[in-house]
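What the coordinates show
The chain contents come next:
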Amino acid sequence: MNMRVVSGIQPTGNLHLGNYLGAIRNWVRLQEKSECVFFLADLHAITVYNEPAVLAANIREMAAALLAAGVDPVRSILFRQAMVPGHAELAWLLNCTARIGWLNRMTQFKEKSGKNREGASVGLYSYPVLQAADVLLYNATHVPVGEDQKQHLELARDIAAKFNTDYAVELFTAPEPMIGGPAARVMSLRDGTAKMSKSDPSEASRVHLTDDADTILQKIRKAKSDSEPLPASVEELEGRPEARNLVGIFAAMADETPAQVLGRFAGQGFGTFKPALAECIIEAMRPITARLEEFRRDPGELDRILADGAERARAMGAATLEGAYRAMGLR
């Protein structure tokens, strides 16, 4: 089988630079060398309460952003998870293969449920099984994951192996992780030790894909840094999280290594570096922002693209879903 990449992203509003560099740009590049299946993870989104109208708007906004950033709905399959019932169907079948002990070891549930574990939804507890279904349905060979999701992919591999063994079939492919590159984890502009996130109450903590040039310039100028000049080597950034983050963002946006960026700016202060970083971001974002506005003005086209992708995804996953039903004696 050729390399088949499957990946999903939750449809949240206010997409920012962290979303773009952490996942979206990687998707665009994967299209060049792989068969790609990309989905908006709306079933994952509802593990916590969402205002329905807001969720619906966020789904279209995310679709527009992915297309604007360069996801090609012809070369790749792009769809909404909820439009392909096979995800939910296979998740139930795999729930009956997965084990409580396996899910109890998932660290993300402990983090997301916090002190109110008994008040969390069953979906929040079992969503790693839905993630397994997401990739096993399409026999993914590779799944792009951050370090925080690697444990969930291991679970998917365990579920696939147990199902194949229990029912004496070779139905599911065990997917390999693709750990993100150096820009996979973009940190807050206000705190170099915290991930850039839309949940941060400060707008100054992130650059949105929809920010205009002046806003980007102001946010970068006000970004937390330190009083030391930039060093000559990456090793010397140790203990300087804000400096490391800004250099990493510049490197990612300019498609360079942090070492190359430091080679140009070593010995210079942030008064020189920040305007250059802002200009780099503005130029890289300009065409994406323009395309995003075009897609926003045509929601019907967004819906058409997602419906077409869902039809293709249903066809791709049909044989695997049918095979699971048959293996379990349900056909």
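Figured I'd write up the structure that's included with this text. (Residues numbered from 1 in each chain as written. Predicted model: local features only at pLDDT ≥ 70, side-chain atom pairs only at ≥ 80, totals over all residues. Heavy atoms only, no water.)

Quick notes on unusual backbone geometry
With glycine set apart, most residues show a phi of negative sign, and most peptide bonds adopt trans. A positive phi angle, near 55°, is found at Ala168, a position not held by glycine. Taking the relative accessible area as the measure of exposure, Ala168 reaches 70% and is therefore exposed. Here Asp255, not a glycine, exhibits a phi torsion of approximately 60°, which is positive. With relative accessibility at 52%, the residue Asp255 sits in the exposed group. (Buried < 20%, exposed > 50% of the residue type's maximum accessible area, 1.4 Å probe, protein only.)

Quick word on the packing of helix α9 (residues 213-222) against helix α12 (residues 270-296)
Packing of α9 against α12 leaves a shortest axis separation of 9 Å and a crossing angle of 145°. When the axes of α9 and α12 are compared, the crossing they make is right-handed. Across from Ala213, Ile216, Leu217, Ile220, Arg221 and Lys222 in α9, the residues of α12 making contact are Lys274, Leu277, Ala278, Ile281 and Ile282. Residue composition of the contact of α9 with α12, grouped by class: eight nonpolar, no polar and three charged. (Axes fitted to C-alpha atoms, helices over the stretch in contact; angles between N-to-C directions. Helix = DSSP H or I, 4+ residues; strand = E, 2+ residues; numbered from the N terminus. Left-handed = near helix turned anticlockwise from the far one by under 90°. Contact = heavy atoms within 4.5 Å. Nonpolar A, V, L, I, M, F, W, Y, C, P; charged D, E, K, R; others polar.)

Quick word on the pairing of strand β5 (residues 176-179)
Examined bridge by bridge, strand β4 (residues 142-145) and β5 share four bridges and lie parallel to one another. Bridge pairing in β5 places His142 opposite Glu176. With respect to chirality, the unit in which β4 leads through helix α8 (residues 150-166) into the neighbouring parallel β5 is right-handed. (Pairing = 2+ DSSP bridges. Right-handed = clockwise from strand over helix to strand, strands pointing away.)

Digging into the pattern of salt bridges
The final tally for this structure, using the stated rule, is 21 salt bridges. A salt bridge links Glu35 to Arg4, with the nearest nitrogen and oxygen atoms 3.1 Å apart. Remark: Arg4 occurs in strand β1 (residues 4-9) and Glu35 occurs in strand β2 (residues 35-40); sequence separation between them is 31 residues. Between Asp226 and Arg240 there is a salt bridge; the shortest N-O distance is 2.7 Å. Here the residue Asp226 occupies a position in the loop between α9 and α10 (241-254), and Arg240 occupies one in the loop between α9 and α10, the gap between them amounting to 14 residues. In the salt-bridge network here, residues are joined through shared partners; they are Glu32, Asp72 and Arg75. (Salt bridge = Lys/Arg side-chain N within 4 Å of Asp/Glu carboxyl O.)

What about the nonpolar core?
With 62 residues, the main nonpolar core has Leu17, Tyr20, Leu66, Met253, Phe273 and Ile281 as its most contacted residues. No other element matches the eleven residues that α12 contributes to this core. Among the nonpolar cores identified, the runner-up in size contains 43 residues, and Phe79, Leu130, Leu171 and Ala310 belong to it. (Core = buried A, V, L, I, M, F, W, Y, C linked by side-chain atoms within 4.5 Å.)

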